[in-house]
Amino acid sequence: VKSEGSLSWARGQAISYEHEIDAADGRMNMKSKFLSPFTEVITLDLNNQMQGPNHAFTNELRYGNNKRIIYESTGTFQNNELRFNSQIQSPCPYLEKARVTLEVKPENGIWVSTSELEYAPGQIIEVVGKLGMHDIKMFSIGLKTPFEYARNVNVGTKYQGHARDFQVDTEVEHNMLRQKI
C-alpha cells in the first residue's frame, strides 16, 4: 500500500508526504517521509520493520543547517526472553546521545529484568529487578548510579514456608550505610 500527497501554495512552495506499507505473513515494513520548504523542519524519515518477534525502527528528523535528530530502536522476543535497545542522537548539548536497554529473562526459576539508561557518555543508571514466584519466592530490586547518594542501593525480600509456618527475610543495602540491614 502506497500513498502520497502534497500541498502547494506558491511557485516551488510545497509540503509533501509519502507513505508505504509492505505487509505479508509475519512481517511488516513501513516507510514514511515528510518534506517541507521550511528551514525549521525539512525532512522527516520513518523506517519501521517488524518480522515475527523482531522489530527495528529508525526515525530521523533533519532540520536547519544539516541538524539531525535520530531515534533508533530494536527489540526481540523469543524463548521467554525480551531484549530491547533504544537510542537517540541529537545536536542539543544537553541530549547529544542517550541509550536505553532492557532485558527480561528467566534464570534458575527467577525472572530477571535488567535496565540501563546512559544519559551522557559513561553516565549509566542500572536497575536490576528479580522476581521468583514458584520454588523460590522472592523479590529484589537493585540500583546503581553515578550519583554519590545512590551509588549502590539494593532491597530484597524472600519468603519461605507455608501459610501457617513461614519466614520472611528482608535485606536493605545502601552505599552510604556501608552495611546490610
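Please refer to the structure placed before this passage.
Predicted model, so just to flag it, every value in this text is computed and none were measured.

Caption draft 1: Quick look at the packing of aromatic side chains. Taken as a whole and judged by the stated rule, the model has three aromatic pairs. Among the aromatic residues, those joined into a cluster by ring pairs are Tyr119, Phe147 and Tyr149.

Caption draft 2: Summary view of the pattern of salt bridges. Throughout the structure, instances matching the rule amount to eight salt bridges. Lys105 is paired through a salt bridge with Glu107; the nearest N and O atoms lie 3.7 Å apart. With a shortest N-O distance of 2.8 Å, Glu148 and Arg151 are connected by a salt bridge. Arg151 sits in the partly exposed class, given a relative accessible area of 36%. Linked through salt bridges whose partners overlap, the residues forming this network are Glu81, Arg83, Glu103, Lys105 and Glu107.

Caption draft 3: Layout of the side chain of His55. On the secondary structure map, His55 appears in strand β5 (residues 54–63). The buried category is assigned to His55, whose relative accessible area is 18%. A distance of 3.1 Å separates polar atoms of two side chains, one belonging to His55 and the other to Ser73. Residues within four places of His55 in sequence aside, it is in contact with Gln49, Met50, Ser73, Thr74, Gly75 and Phe84.

Cut-offs and rules
- Numbers given for residues are sequential positions, taken from 1 along each chain in its written order.
- Only residues with pLDDT of at least 70 are given local features in this predicted model, and only at 80 or more are side-chain atom pairs given and counted; all residues enter the totals for whole chains, interfaces and linings.
- The side-chain numbers reported here are obtained from all heavy atoms of the structure, hydrogens and water having been left aside.
- Stacked, tilted and edge-to-face are the three classes assigned to paired rings of Phe, Tyr and Trp, where Trp is represented by its six-membered ring and a pair needs centres within 6.5 Å; plane angles under 30 degrees give stacked, over 60 edge-to-face, the rest tilted.
- Definition used for salt bridges: Asp or Glu carboxyl oxygen within 4 Å of a side-chain nitrogen of Lys or Arg.
- Burial classes: relative accessible area under 20% of the type maximum marks a residue as buried, over 50% as exposed, and values in between as partly exposed (1.4 Å probe, protein chains only).
- Every helix listed is a DSSP run of H or I at least four residues long, and every strand listed is a run of E at least two residues long, numbered separately from the N terminus.
- Polar contact is defined as a pair of N or O atoms within 3.5 Å, subject to the rule that within protein one atom must be able to donate a hydrogen and the other to accept it, and that residues adjacent in sequence are counted only when both atoms are side-chain atoms.
- Should any heavy atoms of two residues lie within 4.5 Å, those residues are counted as being in contact.

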